[in-house]
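# Survey of secondary and tertiary structure
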Protein chains: 2
Amino acid sequence: MELSERKKQILKAVVEHYIESAEPVGSKLLAQELGVSSATIRNELAELCELGFLEQPHTSAGRAPTPQGYRLYVNELMERRTVSAQEAERIDETLRDKLTNAGGAMANAGQLVSSIVNYPAYSVKRGNAALTVERFELLGVDERSFITVVMTSDKNVRSQLQQTALPFDAQRLGNLKHLLNTHFTGKSRAEMSTRLMSVSEQLAPELFLVVSKTVEYAAQVLDEAGRRDVETTGASRILTMPEYRDMDRAHELMTFLVDNKEQLPVPEGDAPLQVLIGPENVDAALRDTSVVVASYDIGEGMRGLVGVVGPTRMDYATVTARLAYFAESLSKMFGKGLPGKQENDNPEA
Amino acid sequence: MELSERKKQILKAVVEHYIESAEPVGSKLLAQELGVSSATIRNELAELCELGFLEQPHTSAGRAPTPQGYRLYVNELMERRTVSAQEAERIDETLRDKLTNAGGAMANAGQLVSSIVNYPAYSVKRGNAALTVERFELLGVDERSFITVVMTSDKNVRSQLQQTALPFDAQRLGNLKHLLNTHFTGKSRAEMSTRLMSVSEQLAPELFLVVSKTVEYAAQVLDEAGRRDVETTGASRILTMPEYRDMDRAHELMTFLVDNKEQLPVPEGDAPLQVLIGPENVDAALRDTSVVVASYDIGEGMRGLVGVVGPTRMDYATVTARLAYFAESLSKMFGKGLPGKQENDNPEA
DNA sequence: TTTAGCACTCGGGAGAAAAGAGTGCTAACA
DNA sequence: TGTTAGCACTCTTTTCTCCCGAGTGCTAAA
């Protein structure tokens, strides 16, 4: 059944007041706002309650939205705001300031979002499990150490200094490099391991030790790049919100954000923006929080993910607008002006 | 004036009870513990109050230690425990588990300590401002991109892929590398900048662009290595402590730990363990918290730093014992079994 | 110097009462 | 038929009071 126009108006007003005050809203306030009597409003409110959009904490209290109420609000009622010029300016500035400095964009994204929307936030680095090593390089340093350089198939480069038990001259290093590049490039982690075993038979033990160490390092690099990585920030912001006056609730959510961050929602589709309200979250610990999550383009067909976590009474209009703008800006930044990829995926000034 | 033996005993008992219960301790409990009458204890307590070691929240309450009381306790009264065998085992295990995985030791140290002592903790990566580039390497990838490898004077290696506007063949790359290694190694950040300017005159503009970009990257690497870096973890642990029942206090400390972590105490001397009690902290935000901070050896004359933050009612005996043991273990791990340095200073399995 | 005894202080908890906010229902009204 | 005014009712929150208990300081005796 479609709600009457007035009911929608009332529901919208209730949601917005509740979002602002965190307190059940009564008929009086609404009456004066909509220009009808409080009795009329009360009739409507009672019906909205029966329909499941509103609820009363107790008999003689005002109404608060149910998750279903928020859902309708987000889907239909909420004005789809775009950020104001000042907000845009502020976000752009934050982006410019922080992102050009050292430090991975992913790690920072959550932090930035959190400061932009004033809720806890998280960012997800999606791992690429299909990554392989594209090229090995070995640079001699002295007799017993050399630099291993590994370039992965997504053009990231990493390197480490490696000590060896036996002396390595330039020629040996060349041979080793050739061996690595012929046997261990373009291989998955698992393939690298099996290949390592088959190679072990053909090599002197001391040499094999060096090969295995180098391959191990490469595997480690791939692991790290392939790992899905979730970072949360701004968890302490919830302490200012009335729903987290209760220490236990606050503590529960905060420890969840820190210790179980891997379980934060990571929607599959490429929807630019997604809102999960209360019980729509699969994880029990999030059953009375809402999550807004946006994806952004990091180039080369890859997408990053940032999300915001807050009470169901979250300011959806503002959060969605700002988050959308943020994701858009970030996509743009990755699209252009990226001269080359660096170790930590951080774009260069 | 030196305190009588009995006064010390009483003070010690008060501190320990208060540490455990967070509630002012009365004469009755102490009387029964020390085998004298409560009246006697009361006299002693009154004197300890006058001397500034104890205080009363209000007239008819028990006594709680003042910072001065804690200080005496830590300096003289506290039994200098060593960790029990189980504790040691647990710490060793935690260390083995976490530290061998990917991820910098410094970043992890705080996290480990926090889980070991059950208070918020922080770790400091001391920057080395005197760092220079020891060696540049350039590895051609294709016509318009090459890998820059930078080895710093502390034998760390970092690398990035770099795009160029004009095509670069092997010979040009060789020249460029030679130029970088003759002009920009062993130089401080500032020197590198001035050297860059003087070099600019002798080079074609397109070539200079590439040089400057590479040098900029090197500078960035030095910056990052030179930056003092503080990481905090476990801030949410305070929410279970009675002194942070008050949301405002909890919020204040938590935001401080997140946003102002650079202001956490970093003692200068190489004392293995240092305790800062309440107002002994310079920072106002820490005036009613205590900090225990330990330094550990990361080899090559460098020292790392880990600290614990908690209420003045911190369990000093346990914390100092565990932290000392942790720092010692960490030093040992860095001392041996470190085959070579990696990018992130993480020891290899 | 220690102890028993006692009057006193103060915070915290239990109720009771009052205040306040908001409701549902009924009856009148346009 | 939808809207409104009025009113009794419900339930929470706040305030006030009272009382209890824990603990003290002081005094006088051992």
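Model, not experiment: these values are computed from the prediction. (Residues numbered from 1 in each chain as written. Chains lettered and ligands numbered in written order. Predicted model: local features only at pLDDT ≥ 70, side-chain atom pairs only at ≥ 80, totals over all residues. Heavy atoms only, no water.)

Looking now at the overall build of chain A. Each helix and strand counted, chain A has 11 helices and 10 strands in total. Expected size for 349 residues packed as a compact globule is a radius of gyration near 20 Å; at 27 Å, chain A overshoots this value by more than 25%. If you line up chain A on its principal axes, its C-alpha atoms span 95 × 40 × 35 Å. Here chain A holds 349 residues, and the buried ones make up 51% of them. (Helix = DSSP H or I, 4+ residues; strand = E, 2+ residues; numbered from the N terminus. Rg over C-alpha atoms; globule rule 2.2 N^0.38 Å. Buried < 20%, exposed > 50% of the residue type's maximum accessible area, 1.4 Å probe, protein only.)

Glancing now at the sheet that holds strand β5 (residues 145-152) of chain B. Residues and elements named next belong to chain B. Read from one edge to the other, the open sheet built from 3 strands follows the order β4-β5-β6, with strand pairing classed as antiparallel. The open sheet has two free edges, formed respectively by β4 (133-142) and β6 (157-163), since each of these has just one partner strand. For this sheet the average axis-to-axis angle between neighbouring strands, irrespective of direction, equals 20°. Alignment of β4 against β5, held across 8 bridges, turns out to be antiparallel. Each residue of the ladder has a partner; that of E137, found in β5, is V149. Lying on the sheet, helix α9 (residues 205-226) is in contact with β4, β5 and β6; it crosses β6 at an angle near 150°. (Pairing = 2+ DSSP bridges. Axes fitted to C-alpha atoms, helices over the stretch in contact; angles between N-to-C directions. Contact = heavy atoms within 4.5 Å.)

What follows deals with the sheet that holds strand β3 (residues 121-125) of chain A. All names here are of chain A. Ordered by their spatial adjacency, 5 strands build an open sheet running β7-β3-β10-β9-β8, and the pairing between neighbours is antiparallel. Each edge of the open sheet is held by one strand with a lone partner, namely β7 (229-233) and β8 (273-276). On average, adjacent strands in this sheet sit at an angle of 20° to one another, irrespective of strand direction.

Here we take up α9(B). Along its 22 residues, α9(B) runs 30 Å from first to last C-alpha, staying within 8% of the 32 Å computed at 1.5 Å per residue. Where the residues of α9(B) are buried, they touch β4, β5, β6, α7 (170-183) and α8 (189-200) of chain B. (Expected span 1.5 Å × (residues − 1).)

What follows deals with the protein's contact with DNA strand D. Every one of the 20 residues lining DNA strand D counts as a neighbour, but R6(A), T40(A), S60(A), S27(B) and R63(B) are closest to it. Counting only the atoms of DNA strand D that lie within 4 Å of the protein, the sugar and phosphate share comes to 74%. In the environment of DNA strand D, a phosphate oxygen lies 3.1 Å from a nitrogen or oxygen atom belonging to the backbone of S37(A). The contact in question runs from a phosphate oxygen of DNA strand D to an N or O atom on the side chain of R63(B), over 2.9 Å. Contributing elements (two or more residues each) for the surface near DNA strand D: α3 (38-50) of chain A together with α3 (38-50) of chain B. If you tally residues by element for the surface near DNA strand D, the top one is α3(A), at 4 residues. Classifying every residue of the surface near DNA strand D gives 4 nonpolar, 12 polar and 4 charged. (Near = heavy atom within 4 Å. Polar contact = N/O pair within 3.5 Å; in protein donor to acceptor, adjacent residues only side chain to side chain. Nonpolar A, V, L, I, M, F, W, Y, C, P; charged D, E, K, R; others polar.)

Attention now goes to the packing of helix α7 (residues 170-183) of chain A against helix α9 (residues 205-226) of chain A. Between two packed helices, the angle of one axis relative to the other and the distance separating the axes together describe the packing. Residue and element names in this part refer to chain A. It is the contact of α7 with α9, at a shortest axis distance of 11 Å, that shows an interaxial angle of 50°. With respect to α9, the element α7 is oriented oblique. The way α7 lies across α9 gives a crossing that is right-handed. Touching L176, L179 and L180 of α7 are V210, V211, T214 and V215, all from α9. Considering only residue class, the contact of α7 with α9 consists of 6 nonpolar, 1 polar and no charged. (Parallel < 35°, antiparallel > 145°, perpendicular 65-115°, else oblique. Left-handed = near helix turned anticlockwise from the far one by under 90°.)

Of all hydrophobic cores here, the largest spans 151 residues; its most connected members are Y73(A), Y316(A), F326(A), Y73(B), Y316(B) and F326(B). The biggest single contributor to this core is helix α11 (residues 316-335) of chain A, with 10 residues. Each residue touching Y316(A), except ones within four places of it in the same chain, is listed here: I19(A), Y70(A), Y73(A), V74(A), M78(A), V275(A), I277(A), S290(A), V292(A) and A321(A). (Core = buried A, V, L, I, M, F, W, Y, C linked by side-chain atoms within 4.5 Å.)

Bringing the protein's contact with DNA strand C into the picture now. Surveying the vicinity of DNA strand C reveals 20 residues, the closest of which are S27(A), R42(A), R63(A), T40(B) and S60(B). The sugar-phosphate share of atoms of DNA strand C within 4 Å of the protein amounts to 74%. A distance of 2.7 Å separates a phosphate oxygen of DNA strand C from a polar atom in the side chain of S27(A). Looking at the surface near DNA strand C residue by residue, the class counts come to 4 nonpolar, 12 polar and 4 charged.

Looking now at the confidence of the model for chain A. Parts of the model with low pLDDT should not have their predicted coordinates read in detail. When the pLDDT values of chain A are averaged, the result is 90; 93% of them are 70 or greater. A low-confidence stretch, residues 337-349 of chain A stays under pLDDT 50, and its non-local contacts, those more than four residues away or across chains, total 48 contacts. (pLDDT = per-residue confidence, 0-100.)

The assigned domain composition of chain A is domain 1 (5-77), domain 2 (85-127 + 228-339) and domain 3 (133-226). Averaged C-alpha coordinates put domain 1 of chain A and domain 3 of chain A at centres separated by 65 Å. (Domains from an automatic or database assignment.)

Here the focus is the packing of aromatic side chains. Aromatic ring pairs: the centre-centre distance and the angle between the two ring planes describe each pair. Residues and elements named next belong to chain A. A full pass over the atoms with the stated rule returns 4 aromatic pairs over all chains. On the basis of an interplanar angle of 40° and a centroid distance of 5.9 Å, the ring pair of F146 and F168 is categorised as tilted. Placement of the pair is F146 in strand β5 (residues 145-152) and F168 in the loop between β6 (157-163) and α7, with a sequence separation of 22 residues. Side by side, F146 and F168 carry an identical accessibility label, which is buried. Its end group placed over the ring of F168, R172 keeps NZ or CZ at 5.6 Å from the ring centre. (Phe/Tyr/Trp six-rings, centres within 6.5 Å; stacked < 30°, edge-to-face > 60°. Lys NZ or Arg CZ within 6 Å of the ring centre and 35° of its normal.)

A few words on the side chain of D154(A). In this fold, D154(A) is placed in the loop between β5 and β6. Side chain to side chain, D154(A) and T152(A) meet in a polar contact 2.5 Å long.

Residue and element names in this part refer to chain B. By the element assignment, S114 lies in helix α6 (residues 105-117). Taking relative accessible area as the criterion, S114 reaches 1% and is therefore assigned buried. Placed 194 residues apart in sequence, S114 and V308 show a C-alpha to C-alpha distance of 7.2 Å. Beyond its immediate sequence surroundings of up to four residues, S114 is in contact with Y119, P120, A121, T233, G234 and R237. In terms of polar contacts, S114 uses its side chain to reach the side chain of R237, at 2.7 Å.

This paragraph deals with the pattern of salt bridges. All names here are of chain A. Tallied over the entire structure, the rule returns 28 salt bridges over all chains. The salt bridge involving E224 is made with R158; its shortest N-O contact spans 2.9 Å. Pair noted here: E224 is in helix α9 and R158 is in strand β6, with a separation of 66 residues, a long-range link. Residue classification places E224 among the partly exposed positions, given a relative accessible area of 22%. (Salt bridge = Lys/Arg side-chain N within 4 Å of Asp/Glu carboxyl O.)

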